[in-house]
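Summary of the model geometry
Spelled out, the chains give:
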Amino acid sequence: HCGLTMQQPYAVPVDPLLLVLIVFGAVCAFCWIASLITKDTSWVDRIWSVVPVVYVWIFAISALVDGKDAGRLLLMAVLVTLWGARLTFNFARKGGYTGMEDYRWAILRGRMTPWQFQVFNLLFIVLYQNALLVLITLPALTALEHPAPFGPLDGVLAMLFLAALVGETVADQQQWNFHRWKAAEVAAGREPSPRFLQAGLWRVSRHPNFFFEQAQWWLFFLMGAAAAGTVLLWTVAGAALLTVL
């Protein structure tokens, strides 16, 4: 064989961030085109609890393929999967996947000319909100770039994330029970009193579900920060912009 050996074909690894951005582009295109065809701008709402799970698993699987210490990333992926499963269930039981459009978009459509609303639809509803769904998952990129060993702080943050997940579940269940009671009162011809929930977690916060939702993504950011050893990270933008939104 003249001392020659056949070389194995070399597979160029896919940059996980590039793959996330490709998925982001495909999701944006789907949401925008679907909104034009169906005249329904709530497509982002329907994928809200799904695509962050996909993004985080892309980073976690990349760590496994590269042979890095993937313990922290796998934990982050499992936590976000639990977040997504809970939110998907709650959105589904409220009829979110039955073609019901968010009432706020209908109000804004009525306040704008058709072209103004389509600009708003493309720039804010589709692009900005989908970009936000990428940003909130980027602490997983931080963990990928800093494969530090799993430590006690990670365990504490994971437990706090689960506690916030339970808190949001309880808040949503209390709201679900209240609105079912309210609908029954109206169906029976009675005036519901009170007209908005003021018991349970809702007694101490007007939006306890929003509080716990935001808390989970701040804790997710801190898990990435724990890997990097600092909170001075640009990936804080996701949790910060979610809070602003």
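One can find the structure itself at the top, above this paragraph.
Definitions and cut-offs
- Residues numbered from 1 in each chain as written.
- Predicted model: local features only at pLDDT ≥ 70, side-chain atom pairs only at ≥ 80, totals over all residues.
- Heavy atoms only, no water.
- Helix = DSSP H or I, 4+ residues; strand = E, 2+ residues; numbered from the N terminus.
- Buried < 20%, exposed > 50% of the residue type's maximum accessible area, 1.4 Å probe, protein only.
- Polar contact = N/O pair within 3.5 Å; in protein donor to acceptor, adjacent residues only side chain to side chain.
- Contact = heavy atoms within 4.5 Å.
- 1 Å grid on protein atoms, 1.4 Å probe; cavity = no way out; pocket = protein on both sides within 12 Å on 5 of 7 lines; lining within 4 Å.
- Points joined across faces, edges and corners; volume = space filled by probe spheres on them.
- Nonpolar A, V, L, I, M, F, W, Y, C, P; charged D, E, K, R; others polar.
- Core = buried A, V, L, I, M, F, W, Y, C linked by side-chain atoms within 4.5 Å.
- Axes fitted to C-alpha atoms, helices over the stretch in contact; angles between N-to-C directions.
- Parallel < 35°, antiparallel > 145°, perpendicular 65-115°, else oblique.
- Left-handed = near helix turned anticlockwise from the far one by under 90°.
- Arc of directions from axis to C-beta.

Structurally, S49 can be placed in the loop between α2 (43–47) and α3 (51–65). A relative accessible area of 4% means that S49 is categorised as buried. Side chain to side chain, S49 and T88 meet in a polar contact 2.6 Å long. Once you skip the residues sitting within four places of it in the chain, S49 turns out to touch W83, G84, L87, T88 and Y97.

Size it by volume and the largest pocket reaches roughly 1,400 Å³. Considering the residues around the largest pocket, the lining is formed by 30 residues, among which D45, K94, D102, R104 and F210 are closest to the centre. Broken down by secondary-structure element, the contributors of at least two residues to the lining of the largest pocket are α4 (71–93), α5 (103–111), α6 (114–135), α8 (152–187), α9 (208–228) and α10 (237–244). Broken down by class, the residue content of the lining of the largest pocket amounts to 11 nonpolar, 10 polar and 9 charged. In this model, the second largest pocket occupies a volume close to 180 Å³. Around the second largest pocket, the lining residues are P13, V14, P16, L19, I58, I61, S62, V65 and D66. Elements that contribute at least two residues to the lining of the second largest pocket include exactly α1 (16–38) and α3.

That bond from S193 to P194 is cis: its omega, 5°, falls within 30 degrees of zero. Counting through the fold element by element, P194 comes out in the loop between α8 and α9. A positive phi angle, close to 60°, is found at K39, a residue other than glycine. Position of K39 among the secondary structure elements: in the loop between α1 and α2. Owing to a relative accessible area of 63%, K39 belongs among the exposed residues under this scheme.

We now examine the nonpolar core. Core analysis: the largest hydrophobic core is formed by 47 residues, its most contacted members being W48, F59, L73, W83 and F220. Counting only elements with at least two residues in this core, the list comes to α1, α2, α3, α4, α6, α7 (139–145), α8 and α9. Broken down by element, the residue count for this core peaks at 8 residues, all from α3.

Following the sequence through the fold, V134 ends up in helix α6. Linking V134 and L73, residues 61 residues apart in sequence, is a C-alpha distance of 16 Å. Excluding its chain neighbours within four sequence positions, the residues that come into contact with V134 are V20, F24 and Y55.

Moving on to the packing of α9 against α10. α10 packs onto α9 with a crossing angle of 165° between their chain directions and a minimal axis gap of 8 Å. The pairing of α9 with α10 is recorded here as roughly antiparallel in orientation. As α9 runs across α10, the sense of the crossing is left-handed. Contact residues: Q214, W217 and W218 in α9; A239, A240, L242 and T243 in α10. When grouped by side-chain class, the residues that make up the contact of α9 with α10 number 5 nonpolar, 2 polar and no charged.

Our focus in this paragraph is α10. Along α10, the residues that are buried comprise G238, A239 and L242. One face of α10 carries all of its buried residues, which in axial projection span an arc of 95°. Buried residues in α10 make contact with α6 and α9.

None of this, on its own, says anything about what the molecule does.
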